[in-house]
Structure formats: structure tokens, C-alpha cells
Amino acid sequence: MNPDALKDLLESVANGQMSPTEALRKIKHFDFEPVGDFARIDHHRKLRTGFPEVIWGLGKTPEQIIEIIQAMRQHNTTVMATRIEADVYEKLFAKIPDLCYYPTARICAITPAIVQTKSSQTITILTAGTADLPVAEEAAVTANLCGFPVKRLWDVGVAGVHRLLSNWHLIAEADVLIVVAGMEGALPSVVAGLADCPVIAVPTSIGYGASLNGLAPLLTMLNSCAAGVGVVNIDNGFGAAILAGQILRVAQKQQTTS
């Protein structure tokens, strides 16, 4: 239940358009709603955090995901599931024909015709290499579905740093940066040394054996010599997008109250 819907419900009770009993029926699963014996949907999450519950698809059966989506769409204008492979999406689409799929990001979603923009500020996402695109697109699609404008800059890693420097204006214009890199993970340090906004580093599991499935870039980012780099877990594009969104929401809140 989103804040506007809750406010409308309370106003309906106050002006006599809805009985307290009917209102109670509508909010009886206010904190969470059980789905079968395998899930409990947190409908209260958006009120607390500003972002609704999102389905982690990996490890769930198509049947479970379908049931969760159908329950969630009763309460949310946007329903989103991450880590959905193409073969799983085909099974979901057969039961939910208005489900959209973003194959590179491995995200499927039900969205309104127009996603309301929550901020005039921009999340700019950079990748070191083309192989980092699935994680970067997970961040980009998540941010877009949550209502944040996104700019993309792909394949600008430190092996050819002139590619990054020739796009200096995108770094200068960014309000928050998400920098996605595998291999040795040096790109966030370079970007953070140039930027005047928050930098969120995302290590990916891309690289040769000694990159240890993303552990090497994770440690590089945690040990960044550029101050103020925030780091999320390996391949966690979704988490990076939500963190970037929270940063912009707080900044906008401060502008509104000042």
C-alpha cells in the first residue's frame, strides 16, 4: 500500500464514504501478506523506505513467482522481479501477459503506461567493460522503474582511460554515479578522483582466475585511495540503484525543507 492510497482510504473513512469494517478489510495485510506457505510480502516497505518490495527470482519456481506477482499487483502500480532468466520469463508471460522483460538486466516488471519521475536529478552509470553490462543494466532498469532518470556510459575502463576522459562532461553533470567494474576494479577510484558527487562502486564477477569471481575488484574498491567511495556487494546492480535513489531522495527532501 503506497502513502497516497493509505491517505485516500483514511479520508474515505473520515467523510463516511467507507465503513471502518471495509477499511479494516483493505489493510488487514498492512504489514505483510502470506502467499502460500513460501512467501510473506511486505506491503509496508514502501511506506517505511520509499521503495516497494521487489521479488528476488533466483531460486524460486515459476509457479511461486507467478503467485507472488499476482498478489503484489493488487497493492502496487509497479511490480518488479530480478534475476529472471529468459526461459523462466516465458513461463511467467504465459500466465501474466502484461509482464515486460528486460533481457540484459534479467528483470521482468508490470508497470503503469507512464512511470512517474521522482526526481529531476540523474543517476549516471558507467561500466569498465562490455561484459559488465548485465549488472549495469540491472542498476539502470531498477532506477528507471523506481522513477529516476538514468544516463549510461559503457566500456570506459582504465585500460583505455582516454575513453573515460573524453566523456568528462557526463561525470561533471552527474548527481550520483554508479561505477561497475570487474577484473581489478580500478575504475571507481579513477572516477571518484574526478567527481564532485557520491560514487557507488559495484564489483562484478568478470575476470580471469585471480579475480576470484569478483573478490579482487571488491577488495580494490574497498581499499580505494579516492575518499568517499561506497561499495555494494559483487554483481549487486539492484542494490546500487536503490542506494543511489535513496541518496537523491534525501537530497530532494533537504531541498524541500530548506
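No experiment lies behind these values; they were computed from the predicted model shown.

Caption draft 1: Main features of the sheet that holds strand 6 (residues 107-110). Across the sheet, which stays open at both edges, the four strands sit in the order 3-4-6-5 with mixed pairing between neighbours. The open sheet has two edge strands with one neighbour each: strand 3 (55-56) and strand 5 (100-102). Where strand 5 meets strand 6, three bridges bridge the pair, whose relative direction is antiparallel. Paired with C100 across the strands is A109, a residue of strand 6.

Caption draft 2: Structural context of unusual backbone geometry. A positive phi angle, near 60°, is found at D155, a position not held by glycine. The partly exposed category is assigned to D155, whose relative accessible area is 31%. The phi torsion at N213 lies on the positive side, around 55°, for a residue other than glycine. By the secondary structure assignment, N213 is in the loop between strand 10 (199-203) and helix 10 (215-222).

Caption draft 3: Expanded view of the nonpolar core. The biggest cluster of nonpolar side chains holds 22 residues, and the ones touching the most others in it are I123, I125, F148, I178, V180, I200 and V202. For this core, the elements supplying multiple residues, two or more each, are strand 7 (123-127), helix 6 (133-145), strand 9 (176-181), strand 10 and helix 11 (237-257). Aside from chain neighbours lying at most four places away, what touches V202 is V135, I178, V179, V180, A181, M221, V232, N233, D235, N236, G237 and A240. Formed by 21 residues, the second largest nonpolar core is a distinct cluster that contains A174, C197, V199 and A226.

Caption draft 4: Quick look at the packing of helix 4 (residues 62-72) against helix 5 (residues 86-95). One way to put it is that helix 4 packs onto helix 5 with a least axis distance of 10 Å and a crossing angle of 45°. When the axes of helix 4 and helix 5 are compared, the pair comes out oblique. At the point where helix 4 passes helix 5, the crossing takes the right-handed sense. Here P62, I65, I66 and Q70 of helix 4 lie close against helix 5, whose contacting residues are V88, K91, L92 and K95. Its residues assigned to classes, the contact of helix 4 with helix 5 shows five nonpolar, one polar and two charged.

Caption draft 5: Representation of helix 10 within the structure. Residues of helix 10 that are buried include every one of P217, L218 and M221, and no others. The arc that holds the buried residues of helix 10, viewed along the axis, is 105°, so those residues lie on one side. The elements touched by buried residues of helix 10 are strand 9, helix 9 (187-192), strand 10 and strand 11 (229-231).

Caption draft 6: Representation of the pattern of salt bridges. Applying the stated rule across the entire model yields six salt bridges. Residues K151 and E173 are paired through a salt bridge, measuring 3.2 Å at the closest nitrogen-oxygen approach. Highlighted residues: K151 in strand 8 (residues 150-153) and E173 in helix 8 (residues 168-173), separated in sequence by 22 residues. For E173, a relative accessible area of 44% gives the class partly exposed. With a closest N to O distance of 3.3 Å, D155 and R163 form a salt bridge.

Caption draft 7: A nonpolar patch on the surface, seen in detail. Taken together, the side chains of V161, L165, W168 and L194 make up a nonpolar region of the molecular surface, amounting to roughly 330 Å² of accessible area. By the element assignment, W168 lies in helix 8.

How each quantity is defined
Residues numbered from 1 in each chain as written. Predicted model: local features only at pLDDT ≥ 70, side-chain atom pairs only at ≥ 80, totals over all residues. Heavy atoms only, no water. Pairing = 2+ DSSP bridges. Helix = DSSP H or I, 4+ residues; strand = E, 2+ residues; numbered from the N terminus. Buried < 20%, exposed > 50% of the residue type's maximum accessible area, 1.4 Å probe, protein only. Core = buried A, V, L, I, M, F, W, Y, C linked by side-chain atoms within 4.5 Å. Contact = heavy atoms within 4.5 Å. Axes fitted to C-alpha atoms, helices over the stretch in contact; angles between N-to-C directions. Parallel < 35°, antiparallel > 145°, perpendicular 65-115°, else oblique. Left-handed = near helix turned anticlockwise from the far one by under 90°. Nonpolar A, V, L, I, M, F, W, Y, C, P; charged D, E, K, R; others polar. Arc of directions from axis to C-beta. Salt bridge = Lys/Arg side-chain N within 4 Å of Asp/Glu carboxyl O. Patch = residues over 30% accessible without salt bridge, like charges linked within 9 Å, V, L, I, M, F, W, Y side chains within 5 Å. Areas by Shrake-Rupley, 256 points an atom, 1.4 Å probe, with all protein chains shown as cover.

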